[in-house]
Amino acid sequence: MKRFGKTLRWLTVPGIVIVMDAPSYAEVYLSVEQAQQVIFPGEGFSEIPLQLSSYQKAEIKKRSGIAVRDRGMRVWKTGKGDFLIVDTVLGKHEFITYAVGILSDGTVRQIEIMDYRETYGYQIRDEVWRKQFVGKNAQSELMLDKDIKNISGATLSCRHITDGVKRLLATYETVFRKK
Amino acid sequence: MRFENKVKKVYRGLGLKISLFAIGVLGFAASAFAHESVFAWTYTTDLLPKGRWEIEHWTTARLEKEHGTYNVVDFREEFEYGVTDNFGVSLYLNHHDVNAKESVPQEDPNNSGHRLPGSFETGGEDIHADHDPSLPFDSYHFESVSVELIYRILSPYKDPIGLALYLEPEFGDEETEIESKILLQKNWLEDQLVWALNLNYALEFEKEEEGEYERDAKFEWFTGLSYRFISNWSFGLEFWNHHEFADATEHEHSAYFLGPTLHYGAKNWWASLGFLHQLPIGQAISEDNKEFAEHDGYIFGDEHEKYYIRLKIGINF
């Protein structure tokens, strides 16, 4: 082992940088409770435990074209029968957590970015960009550069959030929408 | 054992150099932005957003030719700027440390075009044209300045495939080169799986004895597949095939390389560490290369070594 010591010493440098960088990494903007009150102010919430079945997972993929990564869902229902779903999508390095408020008619009331840890693409938190999702439903196209404007320089985050909202609307339609 | 000793020798003393660099960049990394490549050799079509700057430091060790000693460490400092979201420019400062002795076969003075059996001299493209080949070569040298221009036509995040065009003129006292690349990128699995392909063509004008320049060309393609297996970390494989053309017309050889790449991307910085091993399936095509460059299936000659190790560290601000 000794002969590797000097040879590989330079490899420790990235390790030192990683350790020093880690503590300053997360940007949390909203807790679940805060997201609930921002999207549905003054409402009461009851959590709905949800584990998607294989059928539901396949149905959501069929409706949205987006694969379901995690069967476990974090869903709350308001006293008025509206829904709030907290979800994650992949960012460039880590997960992006966001919340979507869906009215009982299946349209988006509001979306909020709850945490964002990426290098750039923070513009997805801009209200103007997020407002594009208001009123969208499971039948909406939800495609970048079509009904959702892209933010140049933040394309990956824009696309993943757009895909995520599309998947959650399909989830609502599949699991909660009264037929 | 032999390889380990070479690595050890090459990097002796480099620990301090790299540590100083890391400490220097950490000073402003806290408020930085990151842009990165998941590969060590293959370019993706990812560019800096408009108005962003990035500094990269590359360290590439090239080790072992057919015989003797041939250890080169290439250093590259890159300053990159996003002119627009789809157009980036970079300035590269290229410098290297070369240590070589009896690395290439010697020509038989009485039988031109053939080896002198069992006899080697100091050679390789990193050895200066005016160096006496009978002597070892040990030199740190500022090699060249190059400018990189990349224009992205299609984005892998919006279009079916990413496509970008690359041009890099390089100016040095030993060599002048202009390199063009077509960069392709395709992502799958929510962009966790990244595939990239680069098609490269370069014209080189290498300084020869008595101030003359030799014209060479190379066509090569790099491809890599990388998977982000956990947050921040990606692991991949890269492949490189190089074709050399003497006087830009005579096909001399084809050499193949394969190896793993590990990548870490954080908010403020990133690093990619790659290793390539030349595969013993190279093809010498010209008579000159069959005699002087090919050995046990490997292609050495002026251009290639057996092992390549590259560490790239990028800091954005």
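### Thoughts on the overall build of chain A
- In terms of regular secondary structure, chain A is built from six helices and five strands.
- If you list the helices and strands of chain A from N to C, you get α-α-α-β-α-β-β-β-β-α-α.
- Looking at the 179 residues of chain A, the share that counts as buried comes to 36%.

### Observations concerning the overall build of chain B
- Looking only at helices and strands, chain B has three helices and 17 strands in total.
- Buried positions account for 40% of the 317 residues belonging to chain B.
- A fraction of 59% describes how many contacts in chain B between residues 6 or more apart in sequence connect residues 24 or more apart.

### A look at the sheet that holds strand β3 (residues 83-90) of chain A
Residues and elements named next belong to chain A.
- The antiparallel open sheet is built from five strands, whose spatial order is β1-β2-β3-β4-β5. Whereas interior strands pair on both sides, the edge strands pair on one side only; in this sheet they are β1 (45-51) and β5 (108-115). Going from strand to strand, the sheet's axes swing by 25 degrees on average, the running direction of each strand aside.
- Where β1 meets strand β2 (residues 72-78), seven bridges bridge the pair, whose relative direction is antiparallel. Across the sheet, Leu50 pairs through a bridge with Met73, a residue of β2.

### Focus: the nonpolar core
- Core analysis: the largest hydrophobic core is formed by 35 residues, its most contacted members being Ile85, Tyr98, Ala99, Val100 and Val165 of chain A.
- Within the residue set of this core, elements represented by two or more residues are α3 (32-39), β2, β3, β4 (95-102), β5 and α6 (155-175) of chain A.
- If near-sequence neighbours (up to four positions away) are discounted, Ala99 of chain A is found in contact with Ala35, Ile39, Leu84, Ile85, Val86, Ile111, Glu112 and Met114 of chain A.
- Counting residues in hydrophobic clusters, the runner-up holds 26 residues, among them Ala40, Leu48, Leu183 and Ile299 of chain B.

### Observations concerning unusual backbone geometry
- Of note, the phi angle at Asp145 of chain A is positive, near 70 degrees, even though the residue is not glycine.
- Among the secondary structure elements, Asp145 of chain A is positioned in the loop between α5 (127-131) and α6.
- For Asp145 of chain A, a count of 13 C-beta atoms within 10 Å translates into the label partly exposed.
- Despite not being glycine, Ala248 of chain B has its phi angle at roughly 65 degrees, a positive value.
- Within the fold, Ala248 of chain B resides in the loop between β11 (233-246) and β12 (250-265).

### Let's talk about the packing of helix α4 (residues 54-64) of chain A against α6 of chain A
Residue and element names in this part refer to chain A.
- Between α4 and α6, the least distance of the axes is 9 Å, while the angle of their chain directions is 125 degrees. Considering their axes alone, α4 and α6 lie oblique with respect to each other. Between α4 and α6 the crossing geometry is right-handed. On the side of α4, the interface is formed by Gln56, Glu59, Ile60, Arg63 and Ser64, while α6 contributes Lys166, Arg167, Ala170, Thr171, Glu173, Thr174 and Val175.

### Observations regarding the pairing of β2 of chain A
All names here are of chain A.
- As paired elements, β2 and β3 share four bridges and run antiparallel to each other. Considered in β3, the bridge of Lys77 is made with Phe83.
- Joining the antiparallel neighbours β2 and β3 is a turn of four residues, in which Gly81 adopts a positive phi near 90 degrees.

### Observations regarding the environment of Leu193 of chain B
Residue and element names in this part refer to chain B.
- Within the fold, Leu193 resides in strand β9 (residues 193-207).
- The exposure class of Leu193 is partly exposed, given the 15 C-beta atoms found within 10 Å.
- A sequence separation of 67 residues divides Leu193 from Asp126, and the C-alpha atoms of the two residues are 36 Å apart.

### Section: α3 of chain A
Residues and elements named next belong to chain A.
- Along α3, the positions that sit buried rather than exposed are Ala35, Gln36 and Ile39. The arc enclosing the buried residues of α3, seen along the axis, measures out at 100 degrees, which places them on a common side.
- Where α3 is buried, its residues contact β1, β2, β3, β4 and β5.

### Topic: the confidence of the model for chain B
All names here are of chain B.
- When pLDDT is averaged along chain B, the result is 88, and 89% of the positions lie at 70 or above.
- A low-confidence stretch, residues 10-35 stays under pLDDT 50, and its non-local contacts, those more than four residues away or across chains, total 56 contacts.
- With a pTM of 0.85, the predicted complex shows an ipTM of 0.81.

### So, the pairing of strand β2 (residues 69-84) of chain B
Residues and elements named next belong to chain B.
- The pairing of strand β1 (residues 53-63) with β2 spans eleven bridges and is classified as antiparallel. Looking at the pairing, Glu54 lines up with Glu80 of β2.
- Taken together, β1 and the strand that follows it, β2, pair antiparallel across an intervening segment of five residues, in which Glu64 is found at a positive phi of about 75 degrees.
- Where β2 lies against strand β3 (residues 87-101), 15 bridges are found, and the strand directions are antiparallel. Bridge assignment links Thr84 to a residue of β3, and that residue is Phe87.
- Counting the residues between successive antiparallel strands, the hairpin from β2 to β3 contains two residues.

### Overview of the environment of Tyr172 of chain A
All names here are of chain A.
- For Tyr172, the location among the structural elements is in helix α6.
- Residue Tyr172 is classed as buried on the basis of its 23 C-beta neighbours within 10 Å.
- Between the C-alpha atoms of Tyr172 and Val75, which are 97 residues apart in sequence, the distance is 10.0 Å.
- When neighbours within four sequence positions are excluded, Tyr172 is seen to be in contact with Phe83, Ile102, Gly106 and Arg177.

### Re the environment of Val175 of chain A
Residue and element names in this part refer to chain A.
- By the element assignment, Val175 lies in helix α6.
- In the structure, Val175 is positioned 32 residues away from Met143 in sequence and 23 Å away in space, judged by C-alpha atoms.
- When neighbours within four sequence positions are excluded, Val175 is seen to be in contact with Leu50 and Gln56.

The rules behind each value
Residues numbered from 1 in each chain as written. Chains lettered and ligands numbered in written order. Predicted model: local features only at pLDDT ≥ 70, side-chain atom pairs only at ≥ 80, totals over all residues. Helix = DSSP H or I, 4+ residues; strand = E, 2+ residues; numbered from the N terminus. Buried ≥ 20, exposed ≤ 12 C-beta atoms within 10 Å, placed from the backbone. Contact = placed C-beta atoms within 7 Å. Pairing = 2+ DSSP bridges. Axes fitted to C-alpha atoms, helices over the stretch in contact; angles between N-to-C directions. Core = buried A, V, L, I, M, F, W, Y, C linked by C-beta atoms within 7 Å. Parallel < 35°, antiparallel > 145°, perpendicular 65-115°, else oblique. Left-handed = near helix turned anticlockwise from the far one by under 90°. Arc of directions from axis to C-beta. pLDDT = per-residue confidence, 0-100.

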